[in-house]
Amino acid sequence: SGISYLGGLVHLNVKGASCTDTSMEKLAETCYSSLEELDLSFCPHVKDEGLGYLVSKLSHQFRKLHIWGCAQITENFLDGHDRAKSGDLEINGAWMKKSGSRSIR
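Structure report, in brief.

Contact geometry for helix H2 (residues 21–31) and helix H3 (residues 48–57): axes closest at 8 Å, N-to-C directions at 5°. Of the possible angle classes, the one that applies to H2 and H3 is roughly parallel. Contacts between H2 and H3 pair Asp 21, Met 24, Glu 25, Leu 27 and Ala 28 from the former with Glu 49, Gly 50, Leu 51, Tyr 53, Leu 54 and Lys 57 from the latter. Of the residues contributing to the contact of H2 with H3, the split by class is six nonpolar, one polar and four charged.

Encoded structure:
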């Protein structure tokens, strides 16, 4: 296929799409060594578990994640995933609780 010939998908914008945790599993299977940036903004069906699975399976070339409008992504992912905590992965659009208030990452 064209994707494997080109070395794989590098940037993917599925903003507002009907992606699910199953979509994240399929993406992890097909793009684990090539994906660098993913925009999941306003994708309400992707949960902490699916996103955590994807981030765990992707190689370290994956550096940027956009999750604007994804209120269902909680601190379970944002504080609980090694890559999210380490600063190794840039996450844009996440609402975080800090000292009892909310701030945008």
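Looking now at H2. Turning to H2, its buried residues are Met 24, Leu 27, Ala 28 and Cys 31. Buried residues of H2 fall within an arc of 100° about the axis and therefore sit on the same side. Of the residues flanking the start of H2, the one acting as N-cap is Thr 20, its side-chain oxygen 3.2 Å from the backbone nitrogen of Thr 22.

Let's shift gears to the side chain of His 66. Mapping His 66 onto the fold places it in strand E3 (residues 64–66). The class of His 66 is buried, set by a relative accessible area of 14%. When neighbours within four sequence positions are excluded, His 66 is seen to be in contact with Glu 37, Leu 38, Asp 39, Leu 40, Ser 41 and Asn 92.

Reading guide: rules and limits
- Residues numbered from 1 in each chain as written.
- Predicted model: local features only at pLDDT ≥ 70, side-chain atom pairs only at ≥ 80, totals over all residues.
- Heavy atoms only, no water.
- Axes fitted to C-alpha atoms, helices over the stretch in contact; angles between N-to-C directions.
- Helix = DSSP H or I, 4+ residues; strand = E, 2+ residues; numbered from the N terminus.
- Parallel < 35°, antiparallel > 145°, perpendicular 65-115°, else oblique.
- Contact = heavy atoms within 4.5 Å.
- Nonpolar A, V, L, I, M, F, W, Y, C, P; charged D, E, K, R; others polar.
- Buried < 20%, exposed > 50% of the residue type's maximum accessible area, 1.4 Å probe, protein only.
- Arc of directions from axis to C-beta.
- Polar contact = N/O pair within 3.5 Å; in protein donor to acceptor, adjacent residues only side chain to side chain.

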